[in-house]
Amino acid sequence: MNRDFSWRNFDFILLGAIVLASSFGTAMIRSAVAGNEVLQPLIVRQVYFALLGVVLIFLVGSVDYRYWLALHRPIYFGMMAFLITLTGFGQSAFGAQRWFTVGVLFLQPTEFAKIVAIIVLARYFEVAQYQPRDLRWAFGAILWASGIIIMILLQPNLSNVLLLSVILAVMLWINGVQVRHVLSAVGIGAVTVLALVILSVLGVRIPFLQPYQQERIVNFVVPDPNDTYGNRYNVQQALIAVGAGGVFGEGYGHGTQTQLRFLKVRHTDFIFAASSEEFGTVGGALIIITLGVIVWRCIRAAQKARDVAGATISMGVATLIFFQAAVNIGMNLNLLPVSGLPLPFISYGGSGLTALMLGIGLVESVVMRHKQMEF
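Below you will find a few notes about this structure.

What counts as what
- Residues numbered from 1 in each chain as written.
- Predicted model: local features only at pLDDT ≥ 70, side-chain atom pairs only at ≥ 80, totals over all residues.
- Heavy atoms only, no water.
- Helix = DSSP H or I, 4+ residues; strand = E, 2+ residues; numbered from the N terminus.
- Buried < 20%, exposed > 50% of the residue type's maximum accessible area, 1.4 Å probe, protein only.
- Contact = heavy atoms within 4.5 Å.
- Areas by Shrake-Rupley, 256 points an atom, 1.4 Å probe, with all protein chains shown as cover.
- Phe/Tyr/Trp six-rings, centres within 6.5 Å; stacked < 30°, edge-to-face > 60°.
- Salt bridge = Lys/Arg side-chain N within 4 Å of Asp/Glu carboxyl O.
- Core = buried A, V, L, I, M, F, W, Y, C linked by side-chain atoms within 4.5 Å.
- Axes fitted to C-alpha atoms, helices over the stretch in contact; angles between N-to-C directions.
- Left-handed = near helix turned anticlockwise from the far one by under 90°.
- Nonpolar A, V, L, I, M, F, W, Y, C, P; charged D, E, K, R; others polar.
- Parallel < 35°, antiparallel > 145°, perpendicular 65-115°, else oblique.
- Bend = angle between axes of the 7 residues up to and from the residue.

What follows covers the overall build of the protein chain. A tally of regular secondary structure across the protein chain gives 14 helices and three strands. Counting all 375 residues of the protein chain, 51% fall into the buried class. Within the protein chain, contacts between residues at least 6 apart in sequence are counted, and of these 73% link residues at least 24 apart. Summed over all atoms, the accessible surface of the protein chain reaches about 17400 Å², with 69% contributed by carbon and sulfur.

In structure tokens:
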């Protein structure tokens, strides 16, 4: 194990924000599942995963992140094997195969695949840092990411495909992709999205999208005013919950929509709405500020990194947290279509929380081995 680091460089502000977000999330999960005996065990599980995650932050942070870069091939192909197995034998939800059942636990390889993708891409950009920023350089990164992206698309899990695509795009941007290539990619992406929306509205079946995914697109673009208990129900209840909370909220454990169970999947997808109902705008702002601090500290780690790999890892983790948070909150406020992306550190999910903690551990590893700044 490399010893060229100091615990004095450990980012305790980042750790504090993580602990605050995880603690608040656990408290909200407790309120969201109150009175539901089937979901009661989730509270203790989330506590265990949060404690395990803090331990992982220290353990991963103590190991030089370049050690994981050296193992990028076995890590990558091992994850590919998991994803291939998941596609054929995984448990299903909403028409997608997303997890393995291990005893009483549900293991979601896709959550860890995001961290693997960040490690593999960081290794690529480190090795290719002196190559011309041409299409060959860009396609090299796309090729590494495409394996994981395709396997996740086959589940199908479109929201995480979009997330990984955004992470790839940000990594290409910070490593010097040419503007003309960016404009070309944006143009192709815009045309693709427009085509998906038009085809979905017209009722044309799209092969790689599940019917419920196309319905979500249609209901977001052209909502049916008569759909009072259908595809728009969850979003409508989320908006009611947010509005009912006002400025200071209805009080912990006293949210009407949450406690009377009008708000569905309130401990996962719509936990932001539940939080806003019980703690009001103040509670929602606290969540946003806390997640903002986490993203800021990750970006700061990227700025202080001593090499390309460290900066890329930190920006990758920052992008992961920011995009998931933005999409989840936007979904709760009906600003974006409904997706399966959880609210980082707040929503229930052992695999998701553990994977995020691993990512933060990598960022801490970068921080503790940062370059000496000149003043």
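The structure having been displayed, the exposition proceeds.
Now for the packing of aromatic side chains. One pass over the full model with this rule turns up 11 aromatic pairs. Aromatic pair Y76 and F77: ring centres 5.3 Å apart, planes at 80°, arrangement edge-to-face. The class of Y76 is buried, set by a relative accessible area of 7%. With centroids separated by 6.0 Å and ring planes inclined at 35°, the aromatic side chains of Y252 and F279 adopt a geometry described as tilted. Of this pair, Y252 sits in the loop between α10 (233-245) and α11 (256-259) while F279 is found in helix α12 (residues 271-304), placing the two residues 27 residues apart along the sequence.

A few words now on the side chain of D269. One can find D269 in the loop between α11 and α12. Overall, the relative accessible area of 16% leaves D269 in the buried class. With near-sequence residues (within four places) excluded, D269 lies in contact with N328, M331, N332, S339 and G340.

You can see T110 is positioned in helix α5 (residues 109-127). Look past the residues within four positions of T110 in its chain and what remains in contact with it is L83, L86, I152, Q155, N157 and N160.

Among the secondary structure elements, D307 is positioned in the loop between α12 and α13 (308-332). For the pair formed by D307 and R369, sequence separation is 62 residues and the distance between their alpha carbons is 9.9 Å. Beyond its immediate chain neighbours, meaning those up to four positions away, D307 contacts Y65, R66 and E126.

Summed over the entire model, instances satisfying the criterion amount to five salt bridges. Put simply, D64 and R369 hold a salt bridge, and the shortest N to O gap is 3.9 Å. Taken together, the residues D64 in the loop between α2 (41-62) and α3 (65-70) and R369 in the segment after α14 (350-367) connect sequence positions 305 residues apart. The same class applies to D64 as to R369, namely buried. Within this structure, D64, R66, R306 and R369 form a network of salt bridges that share partners.

Bringing unusual backbone geometry into the picture now. Its identity as a non-glycine residue notwithstanding, V265 has a phi of 35°, on the positive side. Relative to the elements of secondary structure, V265 occurs in the loop between α11 and α12. We classify V265 as partly exposed; its relative accessible area is 33%. The phi dihedral of F345 falls on the positive side, at around 70°, and the residue is not glycine.

Right, let's talk about the nonpolar core for a bit. The nonpolar side chains of a soluble globular protein tend to be buried with one another. Core analysis: the biggest nonpolar cluster contains 95 residues, and I148, I294, L343, F345 and I360 have the highest contact counts within it. A total of 13 residues in this core trace back to one element, the largest contributor, which is α13. Leaving out residues up to four positions away in the same chain, L343 has contacts with I271, F272, I287, L291, A325, N328 and I329. Ranked by size, the runner-up nonpolar core spans five residues in total, among them L158, I206, L209 and I217.

Structurally, A50 can be placed in helix α2. In this structure A50 comes out as buried when scored by relative accessible area, which is 11%. When the C-alpha atoms of A50 and F345 are compared, they prove to be 8.6 Å apart, with 295 residues separating the residues in sequence.

It is worth spelling out the packing of α5 against α13 at this point. Between α5 and α13, whose axes approach to 8 Å, the crossing angle comes to 150°. In this structure, α5 meets α13 at a crossing whose hand is right-handed. In this structure, α5 uses E111, K114, I115, I118, A122, F125 and E126 to contact α13, whose residues at the interface are V308, A309, T312, I313, G316, V317, L320 and Q324. Tallied by class, the residues present in the contact of α5 with α13 amount to nine nonpolar, three polar and three charged.

Between helix α7 (residues 158-174) and α13, whose axes approach to 9 Å, the crossing angle comes to 140°. Overall, the two elements α7 and α13 adopt an arrangement that is oblique. The handedness of the crossing between α7 and α13 comes out as right-handed. On α13, the residues touching L162, L163, V166, I167, V170, M171 and I174 of α7 are A311, T312, M315, G316, T319, L320, F323 and Q324. Considered class by class, the residues forming the contact of α7 with α13 number 11 nonpolar, four polar and no charged.

For the rest of this paragraph, the subject is helix α6 (residues 135-153). Owing to its 3.6 residues per turn, the α-helix brings residues three or four apart onto one side. Taking the largest bend as the criterion, α6 deviates by roughly 40°, centred on S146. Regarding α6, the residues found buried are W137, A138, G140, A141, A145, G147, I148, I149, M151 and I152.

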